[in-house]
Amino acid sequence: MLIEIQAAAGPAEAIVARPSTGTGPFPGVIFYMDAFGLRPRIQEMAQRIAEWGYVVLAPNVFYREGTVAELAPAGDMSTQEGREAAGKAAFPRVGRLTPDKALPDIDAWVSALAALDGVAPGPIGTTGYCMGARLAVRTATSHPDLVAACGGFHGGGLATEDPDSPHLGLGTARARFVFGHADHDRSMAPDAVARLGEALKDAGLEASNEIYEGAPHGYSMADTSAFHPEATERHFRELRALLDGALKG
């Protein structure tokens, strides 16, 4: 289902997914989409996580650019050409979602999750995909007392040399982290993976920071040409172990 949230710069739509069985209350999870926006694949992934016993909120982080319907990919992304065509519209939005915009929105997403019916008080989890992995990390570092689990999958730009790189805030985090990086990813090269690993270690955080061999950037998105089934299933296994261990243990 879609709900409306009052975010920092106006109303934003969000997907809410709930378990189909059980009485709750359930721990909450914020799901950060990839650059292609909220669409049926994101709904499917959010519902799969919800069935593990969570209430999942997936906000339209690009609400400043348009509604879910307005930003939805128009063509077939299952071919390389189609994915590239969709990216021409989607990728510039990523650069425009700067930290000074993202951080106030994160506060809104966290508040909205807590206000949903059936969400248990206490720690929450977050998971993000592609550029959404940066938002997941920023959520964990800006709300360290609340976020107990953070996953990032085929993320880009997590550990750059920029002064506002997400990894630089890890010293404040208290969450457990699981990262499943794409192989040969120009947006998260091996030196960046190593830099992230060092930051996690220096912060004393419990973390997994692995490259999924043979998995391309975007591997979990079954509606695109980047889909890699084996890496996708590995990510779901590792994400479930992370969430269950941190939020139900």
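Above this note sits the structure.
Strand pairing in a sheet relies on backbone hydrogen bonds. The paired strands run either parallel or antiparallel. With respect to topology, eight strands assemble into an open sheet ordered S1-S2-S4-S3-S5-S6-S7-S8, the strand pairing being mixed. Looking at which strands have only one partner, the edges of the open sheet turn out to be strand S1 (2-7) and strand S8 (207-211). This sheet shows a mean twist of 20° between the axes of neighbouring strands, independent of strand direction. Bridge count between strand S2 (residues 10-17) and strand S4 (residues 55-59): four bridges; the pairing is antiparallel. Note that in S4 the partner of Ala 17 across the bridge is Val 56. Of the strands in this sheet, strand S7 (176-181) and S8 are in contact with helix H6 (residues 190-202), which crosses S8 at around 170°. Helix-sheet contacts for helix H7 (residues 229-247) involve strand S3 (28-32), strand S5 (124-129), strand S6 (147-153), S7 and S8, and the interaxial angle to S6 is about 170°.

It is worth spelling out the pattern of salt bridges at this point. Using the criterion set out here, one finds 13 salt bridges in the structure. Salt-bridge contacts for Glu 65 lead to Arg 96; the nearest nitrogen and oxygen are separated by 2.8 Å. Taken as a pair, Glu 65 in the loop between S4 and helix H2 (68-71) and Arg 96 in helix H3 (residues 80-96) lie far apart in primary sequence, 31 residues in all. Since its relative accessible area comes to 33%, Glu 65 is described here as partly exposed. Ionic pairing is found between Glu 238 and Arg 234, a salt bridge with its closest N-O pair at 2.8 Å. Of the two residues, Glu 238 and Arg 234 both sit in helix H7, four residues apart, roughly one turn of that helix.

Before going further, it helps to spend a moment on the side chain of His 143. When you line up the elements, His 143 lands in the loop between helix H5 (131-142) and S6. Within the structure, His 143 has its side chain in polar contact with the side chain of Asp 107 (distance 2.8 Å). If we ignore the near neighbours within four places in the chain, the residues touching His 143 are Ile 106, Asp 107 and Val 110.

What follows concerns the nonpolar core. Counting residues in each nonpolar core, the largest one holds 87 residues, and the members touching the most others are Ile 49, Leu 57, Trp 109 and Phe 177. Residues in contact with Trp 109, not counting those within four places in the same chain, are Ile 5, Ala 7, Ala 12, Ile 30, Tyr 32, Leu 57, Pro 59, Asn 60, Val 61 and Tyr 63.

On the secondary structure map, Asp 183 appears in the loop between S7 and H6. Although Asp 183 lies buried, it forms no salt bridge, and the closest oppositely charged side chain, Arg 234, sits 9.4 Å away as judged by the N-O distance. When neighbours within four sequence positions are excluded, Asp 183 is seen to be in contact with Ile 211, Tyr 212, Glu 213, Gly 214 and Ala 215.

Scoring rules and cut-offs
- Residues numbered from 1 in each chain as written.
- Predicted model: local features only at pLDDT ≥ 70, side-chain atom pairs only at ≥ 80, totals over all residues.
- Heavy atoms only, no water.
- Pairing = 2+ DSSP bridges.
- Helix = DSSP H or I, 4+ residues; strand = E, 2+ residues; numbered from the N terminus.
- Axes fitted to C-alpha atoms, helices over the stretch in contact; angles between N-to-C directions.
- Contact = heavy atoms within 4.5 Å.
- Salt bridge = Lys/Arg side-chain N within 4 Å of Asp/Glu carboxyl O.
- Buried < 20%, exposed > 50% of the residue type's maximum accessible area, 1.4 Å probe, protein only.
- Polar contact = N/O pair within 3.5 Å; in protein donor to acceptor, adjacent residues only side chain to side chain.
- Core = buried A, V, L, I, M, F, W, Y, C linked by side-chain atoms within 4.5 Å.
- Lys, Arg positive; Asp, Glu negative; His and termini not counted.

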